[in-house]
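Spelled out from the first residue to the last, the chains are:
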Amino acid sequence: MIGCSSNSRVKRNRSRTEKSIEKDIETLARFIQIFCASNHSDKVKSLVQVKGKTGEFLKHVSVSLCADCRRLLLHGAGKRITCPLDPKPRCKRCPTYCYRDGYRERIREVMRFSGAYLMRRGRVDLAIKYFF
Ligand SMILES: [Zn+2]
């Protein structure tokens, strides 16, 4: 009996973590999509479809990005999936700087741009999710 209930607790916790990863990755994808659509209109874009664990978390997200933004999204998604901290702190307050050089600056730029974009459009609810 006891073993049974503790098992289900573990399971619930894990799925909550996975849900939060999924939400974060969706938000990340949405922010990068806004940035890419507004700033890279001259670049060729394609639908982001990937396999593996990252693909699992991206399967509900449909975004079209240029090659650079796609790399940025996959880098960010990979880092989010392997984040050892649970609950994950906001990245700007996080003591571990997990983003590789270059990506960190770019993701900041994306978040600033898309956060402001959403605020201007009254999507404060989304901008609040601004987790970086
Ligand atoms: Zn782009």
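Above this note sits the structure.
Basis of the calculations
Residues numbered from 1 in each chain as written. Predicted model: local features only at pLDDT ≥ 70, side-chain atom pairs only at ≥ 80, totals over all residues. Helix = DSSP H or I, 4+ residues; strand = E, 2+ residues; numbered from the N terminus. Buried ≥ 20, exposed ≤ 12 C-beta atoms within 10 Å, placed from the backbone. Contact = placed C-beta atoms within 7 Å. Axes fitted to C-alpha atoms, helices over the stretch in contact; angles between N-to-C directions. Parallel < 35°, antiparallel > 145°, perpendicular 65-115°, else oblique. Nonpolar A, V, L, I, M, F, W, Y, C, P; charged D, E, K, R; others polar. Expected span 1.5 Å × (residues − 1). Arc of directions from axis to C-beta.

Attention now moves to the overall build of the protein. Looking only at helices and strands, one finds five helices and two strands in the protein. Looking at the protein as a whole, 22% of its 132 residues qualify as buried. Partitioning the contacts of the protein with sequence separation of at least 6, the portion at a separation of at least 24 is 67%.

Moving on to the packing of helix 3 (residues 67-81) against helix 4 (residues 103-120). It is the contact of helix 3 with helix 4, at a shortest axis distance of 11 Å, that shows an interaxial angle of 105 degrees. Classified by the angle their axes make, helix 3 and helix 4 are roughly perpendicular. Where helix 3 approaches helix 4, its residues Leu72, His75 and Gly76 are matched on the opposing element by Tyr103, Arg106 and Ile107. Of the residues assigned to the contact of helix 3 with helix 4, the class counts are three nonpolar, two polar and one charged.

Because each turn of an α-helix spans 3.6 residues, side chains separated by three or four positions end up pointing in the same direction. Compared with an ideal rise of 1.5 Å per residue, which puts 15 residues at 21 Å, helix 3 spans 21 Å between its outermost C-alpha atoms and is within 8% of the ideal. Listing the buried residues of helix 3 in full gives Cys69, Arg70, Leu72, Leu73, Gly76, Ala77 and Arg80. Along the axis of helix 3, the buried positions cluster into a sector of 160 degrees, meaning they face one direction only.

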